[in-house]
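Given next are the chains, with one letter for each unit.
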Amino acid sequence: MVGVFRRSLSFPNKPTVRPPPPSKPRVSHHTRSISLPCRSHPLISHINHEISQIKSWSSLDRRTTAWITDGLSLLRDVQETLSDILHLPQSQESLRNRPVFFENLLEDLLRFVDAYGLFRTSVLSLREHQSAAQVALRRKDDVKISSYVKSRRALARDIAKLTSAIREPKTKYNHCHVDVLNGSYGEAELASVIGDVIEVTVLVSVALFNGVCLSLRSSKTTTFAGFLKRSEKRDKNCEGIEELKQVEEKSLVGLSKKKNEEIKVLTKKMMELENSIVEIESGSEKVFRGLIGTRVSLLNALTQ
């Protein structure tokens, strides 16, 4: 005989009370939403700091060899940082998306490279003339000193032309705007930084070219001096470099009639002038190579 079992279900006396669901955070509603810019790359912050250092440097009063070489060193640092930024994949993509800006930047960099290349040639020639002039000074050779003075004037005119060649870059700062609505903050930020770099490159370069030019030119060349007064603003960039102004043309006239003590003083000033030229040449050489490196990085951004 098989027993029949019935299955029974037991229910609890009280229903289980579940905890209430956590309250949802209040959602704020906006009529329109925009995407906020992402955090800048550390290199962007770093280069902005370097750019501000150059602007502070330009406001200093004394125009000395140490001052101009400091400016060249700061500019070299900016060029190195910009080159690092251009190696970033996001920077390369941004530049490829801005072909006109890209081409203008390439052209500006080439213009700077050409200007610094010509400046290096002029400074090298000045050093050669300077060495020959020191020998002529010790021998009281008025003919060779006269040739040296003429070469200084010619070099001053050549260097003056470099300022006008770089004064109006195509990469304009005021064309860089931040368009967060279209999600292009990174591109606009990069363009703005590059615009600042071009601006301070012009700033340092004008101080360099004008400083050397105005130090070497003759105070008697009124036509050339008048041209500079009309074409340049009356600011610190219209002043020469102190050490380069120590040997004036009038002090080199009539060497055969000067006493030995006067010749010794002039010889010392000529040596100090040559040392200053060497320092300036070294600083400008580093900027020249930095500009070439930046342009190479930019070309790599196009090909990668």
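Everything discussed here concerns the structure shown above.
If you're wondering where the values come from, they're calculated on a predicted model, not measured in any experiment.

About the cut-offs
- Residues numbered from 1 in each chain as written.
- Predicted model: local features only at pLDDT ≥ 70, side-chain atom pairs only at ≥ 80, totals over all residues.
- Heavy atoms only, no water.
- Helix = DSSP H or I, 4+ residues; strand = E, 2+ residues; numbered from the N terminus.
- Buried < 20%, exposed > 50% of the residue type's maximum accessible area, 1.4 Å probe, protein only.
- Contact = heavy atoms within 4.5 Å.
- Areas by Shrake-Rupley, 256 points an atom, 1.4 Å probe, with all protein chains shown as cover.
- Core = buried A, V, L, I, M, F, W, Y, C linked by side-chain atoms within 4.5 Å.
- 1 Å grid on protein atoms, 1.4 Å probe; cavity = no way out; pocket = protein on both sides within 12 Å on 5 of 7 lines; lining within 4 Å.
- Points joined across faces, edges and corners; volume = space filled by probe spheres on them.
- Nonpolar A, V, L, I, M, F, W, Y, C, P; charged D, E, K, R; others polar.
- Phe/Tyr/Trp six-rings, centres within 6.5 Å; stacked < 30°, edge-to-face > 60°.

Draft legend 1. Region of the structure containing the overall build of the chain. The number of helices and strands found in the chain is eight helices and zero strands. Listing every helix and strand of the chain by position from the N terminus yields α-α-α-α-α-α-α-α. The proportion of buried residues among the 304 residues of the chain is 42%. Considering only contacts within the chain whose residues lie at least 6 apart along the sequence, 85% involve residues at least 24 apart. As presented, the chain carries roughly 18,500 Å² of accessible surface, and 54% of it is formed by carbon and sulfur atoms.

Draft legend 2. Fine view of unusual backbone geometry. A positive phi angle is found at Lys 140, which is not glycine, with a value near 55°. Looking at the element boundaries, Lys 140 is found in the loop between helix H4 (99–139) and helix H5 (142–166).

Draft legend 3. Region of the structure containing the nonpolar core. Residues Leu 95, Tyr 116, Phe 119, Leu 208, Phe 209 and Val 212 are the most contacted members of the largest nonpolar core, which totals 73 residues. The set of elements that each furnish at least two residues to this core consists of helix H1 (42–58), helix H2 (65–86), H4, H5, helix H6 (185–216) and helix H8 (260–303). Among the elements that take part in this core, H6 stands out by supplying 16 residues, more than any other. Leave out the neighbours within four places in its chain, and Phe 119 touches Ile 159, Leu 162, Leu 208, Phe 209, Val 212, Ile 280 and Ser 284.

Draft legend 4. Structural view of empty space enclosed by the protein. Across all of its chains, the model carries two cavities of 30 Å³ or more by this definition. Here the second largest cavity is characterised by a volume of approximately 30 Å³. Along the walls of the second largest cavity sit Val 123, Leu 126, Val 212, Leu 244, Ile 277 and Ile 280, which together make up its complete lining. Elements with a minimum of two residues in the lining of the second largest cavity: H4 and H8. A breakdown of the residues in the lining of the second largest cavity according to their chemical character gives six nonpolar, no polar and no charged.

Draft legend 5. Region of the structure containing the packing of aromatic side chains. This model, assessed by the stated rule, comprises three aromatic pairs. Centroid distance Trp 57 to Trp 67: 4.3 Å. Interplanar angle 10°. Geometry classified as stacked. Placement of Trp 57 in helix H1 and of Trp 67 in helix H2 is noted, with a sequence separation of ten residues between them. Exposure remark for Trp 67: the relative accessible area of 6% places this residue in the buried category. These aromatic residues form a ring-pair network of at least three members: Tyr 116, Phe 119 and Phe 209.

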